[in-house]
Amino acid sequence: MGRGQIVYSTLHKVLCLAHSRGSAPLHHITKSSVFITVPPFQIQNFRCFSKIPATHHENLTSLRNLFHRYAFPPSELPDFLKTNEFLLDSHPSEIEKSFRILMSLNPSQDFLVSTVTDCPRVLHLEFLEKWHLGIKQLGIYGITSMAIKNILQIARKSGLNPDGVYRCINSLKGLGFSEGTITRVLETMPMVITWSQDKTWGKVELLRGIGIQTREIDKVLSLFPGILAFGVENRLKPLVDEFTDLGFSLRDVRREVVREPRILSFENGELTQCLEMLRSLKCRASIKENIFRNGEFRAGYETKLRVDCLREHGLMYRDAFTVLWKEPRVILYKVEDMEKKIEFLIRKMMFDIECLVEVPEYLGVSFDKQIVPRYNVIEYLRGKGGIGDEMGLRNLVKLSRLRFYNMYVKPYPECEEIYGRLALVKNRHPAGMWKLFRPKQYQETDDDVANIKSFVKSLP
């Protein structure tokens, strides 16, 4: 029965019911005279369900029960099966065999769910049967679930076979990489299994060229596998040349790279810009000395970390440097503390990140002793209608402790508890101390009065 016949039949039943209740006769209504406007979304839904063959509906219930048994989220399962209709062509017993193979590679429910969710086509039984022994033949003991997941996904998408991955792993071992480093590389840079040996060898040769030994290269790549993603000619060599042009020797570069391999994540010209900004700082001498206490190289890297943090939250490159130049104390604070302040500014205080360009002092004050207590007081007063105008970030941060207390805490006794121990503005002397300097009082007797009078009369 077509869609028009279904609509006409339904309408005819409704009109028959109306006629039975005393409506107009129905013999003048014909099928050709009925026009129904069906909303577009209803037609789309109809077409969507009509695409599924009748044979697939038989497997749908079995697949749902199977996925539920293996702890797949029930709320996401309908969309998952709808998106991956090729699963409806597979028999549930084959998919269950695929589940068991994946569980044999790593007996973790999270591994199974995340692997299938991210790359559903790994459930092809023939593919998994080939890789069941292939993973074990790689010779990496204690390989993590993330590494296994990445290998399976890339192998499924690029058509790699276990022999090709095995040769890649052996080439990495031949370069002096330990199994722990190889696992770390497979977790963060899994595309390395698709590269030729020469592509990896070029990075190793560059590290050796600045004096880093083989065992140190293993440590460097374990801490920062992202080096393998950088080009040698267009990224790493110009970066090393920039370091030497700034006056750093290869010995200095080697020492800093071994200490912190992420130094090689500098963009070309970025360290130069960081050092120019640091050298032009106009701040207290003690702050500048603390910034450079470990040398210019490390000071430039610490500056880069803060710039990256600000850029990740939405600031432009130039604005990030402006914030650090106006408030250099941020370079001395931990990046985690900086991120906590920014998250509080955006999500709790509902300010835009660009406010930091105008009020960079926000990142230089104490989070627990100044930002949070003052915000709690302002929010309480705003809820009670105690603040008529909008309280800006500048007033919240730049007011002195005594002035903020006198304006927003002292007039409202209930804010004393909200402001906490910071509400106690200490006097120069403890309360009641004047009583200690008051002379001791003695009871006067008649003899004392007579003695005083006789003494006064004897005076010339």
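Residues numbered from 1 in each chain as written. Predicted model: local features only at pLDDT ≥ 70, side-chain atom pairs only at ≥ 80, totals over all residues. Heavy atoms only, no water.

Draft legend 1. Spotlight on the overall build of the protein. Along the protein, the regular secondary structure elements total 25 helices and 0 strands. Within the protein, the fraction of its 460 residues that count as buried is 38%. A sequence separation of at least 24 residues applies to 71% of the contacts in the protein between residues at least 6 apart. Accessible area of the protein: about 27,700 Å², with a carbon and sulfur share of 52%. (Helix = DSSP H or I, 4+ residues; strand = E, 2+ residues; numbered from the N terminus. Buried < 20%, exposed > 50% of the residue type's maximum accessible area, 1.4 Å probe, protein only. Contact = heavy atoms within 4.5 Å. Areas by Shrake-Rupley, 256 points an atom, 1.4 Å probe, with all protein chains shown as cover.)

Draft legend 2. Layout of the packing of aromatic side chains. Considering all chains together, one arrives at 16 aromatic pairs under this definition. Taken together, Phe67, Tyr70, Phe72, Phe80 and Phe99 form an aromatic cluster joined through their ring pairs. For Arg121, the ring lying beneath its charged end belongs to Phe86, and the centroid distance is 4.2 Å. A cation over a ring is seen here: Lys304 above Phe266, with NZ or CZ 5.5 Å from the ring centre. (Phe/Tyr/Trp six-rings, centres within 6.5 Å; stacked < 30°, edge-to-face > 60°. Lys NZ or Arg CZ within 6 Å of the ring centre and 35° of its normal.)

Draft legend 3. Here's a closer look at the packing of helix α5 (residues 92–105) against helix α7 (residues 125–136). At a minimum axis distance of 10 Å, the contact between α5 and α7 shows a crossing angle of 20°. Overall, the two elements α5 and α7 adopt an arrangement that is roughly parallel. The handedness of the crossing between α5 and α7 comes out as left-handed. Together, Glu94, Lys97, Ser98, Ile101, Leu102, Ser104 and Leu105 of α5 and Leu125, Leu128, Glu129, Trp131, His132 and Ile135 of α7 make up the contact between the two elements. In terms of residue class, the contact of α5 with α7 is built from 7 nonpolar, 3 polar and 3 charged. (Axes fitted to C-alpha atoms, helices over the stretch in contact; angles between N-to-C directions. Parallel < 35°, antiparallel > 145°, perpendicular 65-115°, else oblique. Left-handed = near helix turned anticlockwise from the far one by under 90°. Nonpolar A, V, L, I, M, F, W, Y, C, P; charged D, E, K, R; others polar.)

Draft legend 4. Layout of helix α18 (residues 317–326). Among all positions in α18, only Ala320, Phe321, Val323 and Leu324 are buried. Viewed end-on, α18 has its buried residues packed into an arc of 155°, placing them on one side of the element. (Arc of directions from axis to C-beta.)

Draft legend 5. A look at unusual backbone geometry. The backbone of Ala71 shows a phi angle near 65°, a positive value even though the residue is not glycine. Its place among the elements puts Ala71 in the loop between α3 (54–69) and α4 (77–83). If you check the backbone angles, Met350 has positive phi at about 60° while not being a glycine. Along the chain, Met350 turns up in the loop between α19 (335–348) and α20 (355–358).

Draft legend 6. Examining the environment of Ala229 more closely. With respect to the element layout, Ala229 can be found in the loop between α12 (214–223) and α13 (232–245). A residue is classified by how much of its surface remains accessible, and Ala229, at 49% relative accessible area, is partly exposed. For the pair Ala229 and Thr200, spaced 29 residues apart in the sequence, the C-alpha separation amounts to 9.1 Å. Here Ala229 is in contact with Met189 and Trp195, once residues within four sequence places are set aside.

Draft legend 7. Fine view of the nonpolar core. Core analysis: the biggest nonpolar cluster contains 127 residues, and Phe67, Phe99, Leu186, Leu310, Tyr362 and Phe404 have the highest contact counts within it. Residues contacting Leu310, with those up to four places away along its chain left out, are Leu315, Ala320, Val323, Leu324, Met338, Ile342, Leu356 and Leu363. (Core = buried A, V, L, I, M, F, W, Y, C linked by side-chain atoms within 4.5 Å.)

Draft legend 8. Molecular detail of the pattern of salt bridges. Counted under the stated rule, the structure contains 20 salt bridges. Here Glu233 makes a salt bridge to Lys237, at a shortest N to O gap of 3.1 Å. Of this pair, Glu233 and Lys237 both sit in helix α13, separated by 4 residues, roughly a single helical turn. On the basis of relative accessible area, Glu233 is assigned to the exposed category, the value being 58%. Arg279 is the salt-bridge partner of Glu296, the closest N and O atoms lying 2.8 Å from each other. Note that Glu296 is positioned in helix α17 (residues 296–312) and Arg279 in helix α15 (residues 270–279), a separation of 17 residues in sequence. According to the relative accessible area criterion, Glu296 is partly exposed, its value standing at 31%. On the basis of relative accessible area, Arg279 is assigned to the partly exposed category, the value being 43%. In this structure, a network of salt bridges that share partners links the residues Asp252, Arg255, Glu256, Arg259 and Arg298. (Salt bridge = Lys/Arg side-chain N within 4 Å of Asp/Glu carboxyl O.)

Draft legend 9. Broad picture of the layout of surface pockets. Taken as a whole, the second largest pocket spans an internal volume of roughly 160 Å³. Surrounding the second largest pocket, Asn290, Ile291, Arg293, Asn294, Gly295, Arg298, Ala299, Glu302, Arg306, Ile331 and Leu332 form its lining. Of all the secondary-structure elements, those providing two or more residues to the lining of the second largest pocket are α16 (285–291) and α17. A per-element tally of the lining of the second largest pocket places α17 first, with 4 residues. Here the lining of the second largest pocket is composed, by residue class, of 4 nonpolar, 3 polar and 4 charged. (1 Å grid on protein atoms, 1.4 Å probe; cavity = no way out; pocket = protein on both sides within 12 Å on 5 of 7 lines; lining within 4 Å. Points joined across faces, edges and corners; volume = space filled by probe spheres on them.)

Draft legend 10. Spatial organisation of a negative patch on the surface. Side chains of Glu312, Glu336, Asp337, Glu339 and Asp368 sit close together on the surface and give a patch of like negative charge. Of the residues forming the negative patch, the biggest block, 3 residues, is contributed by α19. Take Glu336: it is sitting in helix α19. A residue is classified by how much of its surface remains accessible, and Glu336, at 54% relative accessible area, is exposed. (Patch = residues over 30% accessible without salt bridge, like charges linked within 9 Å, V, L, I, M, F, W, Y side chains within 5 Å. Lys, Arg positive; Asp, Glu negative; His and termini not counted. Charge placed at Lys NZ, Arg CZ, Asp CG, Glu CD.)

Draft legend 11. Fine view of the confidence of the model for the protein. Mean pLDDT over the protein: 82, with 82% of residues reaching 70 or higher. Across residues 3–8, confidence stays below pLDDT 50; counting only partners more than four residues off in sequence or on other chains, it has 8 contacts. Confidence drops under pLDDT 50 across residues 17–50; counting only partners more than four residues distant or on other chains, this segment forms 19 contacts. (pLDDT = per-residue confidence, 0-100.)

Draft legend 12. View of the environment of Leu172. By secondary structure assignment, the location of Leu172 is in helix α9 (residues 162–174). In sequence terms Leu172 and Ile193 are 21 residues apart; their C-alpha atoms lie 9.7 Å from each other. Discounting residues that sit within four places of it in the chain, Leu172 has contacts with Phe177, Ile182 and Thr200.

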